[in-house]
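Coordinate inspection notes
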Amino acid sequence: MWPIHLINLADNTGRLDRSAAQFEAAGVAWQRVDGVNGWKMDDAEVAKVYDADRNARDGKHALVRPEIGCYLSHVKAWQTIANSDAPGGFIFEDDFAADATLGPVLEAMSAPQDAWDMVKLFSFDPAPQAVQETQVDGVRVVIPYRVPTCLIAYGVTKAAAAHLAERAIPFFRPVDEDQKFVWETGLRVAVALPTPVTVGEQEAATGTIGSVRRATRSGRSVVGQTLHNLRYQMRYRSALKRHWAQNGPARS
């Protein structure tokens, strides 16, 4: 099985304990990746990795400090996989919840293949529209028309991890949002179905991205932010349609 890397901030000991218990129940080995705490970064450190000007033009919303730290934490995990001897690795955020199929799905996704570069182990959409589908030991592996948001648990090949780490900085979108733009990353992103992972306990000593975002003013009026979001979605849908028109069957 590919190595498992758990992203965890040092202060979030409760999340670490819950994650460890789930990995133990699944009978899989894992290692901790020390997460980056965006709150502890000064403005100069943030400016080196976050392109605020590009975000204002092309992003959906300004990134808050926890999102910046989250992106850098995934970069650390990608670098770890890229520098390892294994052909790939799995990355988990520490707020996941797993069912009894986790171990077998991880084994299946570790098998040699040439169908995907990243495989998600969670999706808010339990039945995404599939452009391509394969079966591995009873697990459906689909390339979705629209990549689902959330990187709570996923596998990535060594080559893909190296590619993501190399191109990541500076970034201007959240890390999970970036992976939806497959025409930019050049990666084939799949989803393992049914997914063995869901969203778990959200309580964290360092706070959550969602709570910080809700408490942060965007600098735009409500109407202005709504129009900005609509334009963002229209641009994304247009680019997505163009991508599949050039690379596969079109979907509505």
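Structure: see above.
Residues numbered from 1 in each chain as written. Predicted model: local features only at pLDDT ≥ 70, side-chain atom pairs only at ≥ 80, totals over all residues. Heavy atoms only, no water.

**A word on the packing of helix α4 (residues 65-82) against helix α6 (residues 158-167)**
If you want to describe how two helices pack, look at the angle between their axes and the distance between the axes. The contact between α4 and α6 brings their axes to 8 Å, and the two run at 135°. Between α4 and α6, the crossing angle belongs to the class labelled oblique. Handedness of the crossing formed by α4 with α6: left-handed. The segment α4 lies against α6, with Trp-78, Gln-79, Ile-81 and Ala-82 engaging Lys-158, Ala-161, Ala-162, Leu-164 and Ala-165. Residues of the contact of α4 with α6, tallied by class, amount to seven nonpolar, one polar and one charged. (Axes fitted to C-alpha atoms, helices over the stretch in contact; angles between N-to-C directions. Helix = DSSP H or I, 4+ residues; strand = E, 2+ residues; numbered from the N terminus. Parallel < 35°, antiparallel > 145°, perpendicular 65-115°, else oblique. Left-handed = near helix turned anticlockwise from the far one by under 90°. Contact = heavy atoms within 4.5 Å. Nonpolar A, V, L, I, M, F, W, Y, C, P; charged D, E, K, R; others polar.)

**As for the pattern of salt bridges**
Under the criterion given, the structure shown has ten salt bridges. Linking Asp-178 and Arg-173 is a salt bridge whose minimum nitrogen-to-oxygen distance equals 2.6 Å. Taken individually, Asp-178 and Arg-173 each receive the classification buried, so the pair is uniform in this respect. A network of salt bridges, in which partner residues are shared, links Asp-114, Asp-117 and Arg-188. (Salt bridge = Lys/Arg side-chain N within 4 Å of Asp/Glu carboxyl O. Buried < 20%, exposed > 50% of the residue type's maximum accessible area, 1.4 Å probe, protein only.)

**Side note on helix α10 (residues 222-247)**
The terminal C-alpha atoms of α10, which comprises 26 residues, lie 37 Å apart, in line with the 38 Å expected from a rise of 1.5 Å per residue. Those residues of α10 lying buried are Gln-225, His-228, Tyr-232, Gln-233, Tyr-236, Ala-239, Leu-240, His-243 and Trp-244. Buried residues along α10 sit against α3 (52-58), β6 (130-136), β7 (139-144), α7 (175-178) and α8 (182-185). (Expected span 1.5 Å × (residues − 1).)

**Concerning α6**
Of the positions making up α6, those classed as buried are Ala-160, Ala-161, Leu-164 and Ala-165. In a view along the axis of α6, the buried residues occupy a sector of 130°, so they form one face of it. What points out from α6, more than 90 degrees from its buried face, is the exposed set Ala-159 and Glu-166. Buried residues along α6 sit against α4, β5 (118-120) and β8 (153-157). (Arc of directions from axis to C-beta.)

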